[in-house]
Amino acid sequence: MASSSGNSNSSASGSMVPSGSEEDLHQLVDQRKRKRMESNRESARRSRMRKQKLLDDLTAQVTHLAKDNNQILTSITFTTQHYFNMEAENSVLRAQLMELSQRLDSLNDILHFLNIGDGVYGSEGFETSDPFNMIHHLNQPIMASSADMMFEY
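Only a predicted model underlies this, so the values are computations on that prediction, with no experimental measurement involved. (Residues numbered from 1 in each chain as written. Predicted model: local features only at pLDDT ≥ 70, side-chain atom pairs only at ≥ 80, totals over all residues. Heavy atoms only, no water.)

Moving on, we get to the pattern of salt bridges. Two side chains of opposite charge can pair, provided their charged atoms sit close to one another. In total, this model carries five salt bridges according to the counting rule given. Note that Asp57 is salt-bridged to Lys53, the shortest N-O span being 3.1 Å. With a gap of four residues between them, Asp57 and Lys53 both fall in helix H2 (residues 20–116), about one helical turn apart. When the shortest N-O distance is used, the salt bridge between Arg103 and Glu99 registers 3.7 Å. Of this pair, Arg103 and Glu99 both sit in helix H2, four residues apart, roughly one helical turn. A single salt-bridge network, built from bridges that share partners, covers Glu42, Arg45 and Arg46. (Salt bridge = Lys/Arg side-chain N within 4 Å of Asp/Glu carboxyl O. Helix = DSSP H or I, 4+ residues; strand = E, 2+ residues; numbered from the N terminus.)

The structure is reproduced here in structure tokens:
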């Protein structure tokens, strides 16, 4: 029994004072912990860098899309204004067409009257009948303008 009690004393004293191999084991574990911590720090740094790059890329994309959006809005505004101008011009042209059509109809009526030959030529030239009074109205200028036909939208 003395030998077993001696062994327990030596093992008890061995745990109090670390042997060389236990100290090496602790150093190895500490070294692995430090390496793992350093690796984790480096990994976290790379992750932060990737996140920052992604944020920078997204910010640049937002800026680019905002610029594109402003250009599109400017183009739409210009095109809309051009459309309204063309609408106003079309209205003027339609009014002029109506007026010219009426003049043409009146001139055709006069020609028809002249071609009938009923008292067209008198001793003093043309008689003063209604179709000839219309000539005075036919010599009036076309009065339609864009200011008269402007529509508000």
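Within the element layout of this structure, Thr80 appears in helix H2. A relative accessible area of 32% means that Thr80 is categorised as partly exposed. (Buried < 20%, exposed > 50% of the residue type's maximum accessible area, 1.4 Å probe, protein only.)

Glancing now at the packing of aromatic side chains. Scanning the entire structure with this criterion turns up one aromatic pair. Judged by centre distance (5.7 Å) and plane angle (55°), the rings of Tyr83 and Phe84 are tilted. For Phe84, a relative accessible area of 25% corresponds to the partly exposed category. (Phe/Tyr/Trp six-rings, centres within 6.5 Å; stacked < 30°, edge-to-face > 60°.)

A word on H2. In an α-helix, one turn spans 3.6 residues; hence positions three or four apart end up facing the same way. Along its 97 residues, H2 runs 140 Å from first to last C-alpha, staying within 8% of the 144 Å computed at 1.5 Å per residue. Of the positions making up H2, those classed as buried are Ala88, Ser91, Val92, Ala95, Arg103, Ser106 and Ile110. (Expected span 1.5 Å × (residues − 1).)

Residues of the protein chain with pLDDT of at least 70 account for 63%, and the chain-wide mean is 79. Across the protein chain, element-level confidence peaks in H2 with a mean pLDDT of 95 and bottoms out in strand E2 (residues 125–126) with 45. In this model, residues 1–14 is a region of pLDDT below 50 whose contacts with residues beyond four sequence positions or in other chains number zero contacts. A low-confidence stretch, residues 120–128 (pLDDT under 50), is modelled with 10 contacts involving residues beyond four sequence positions or located in other chains. (pLDDT = per-residue confidence, 0-100. Contact = heavy atoms within 4.5 Å.)

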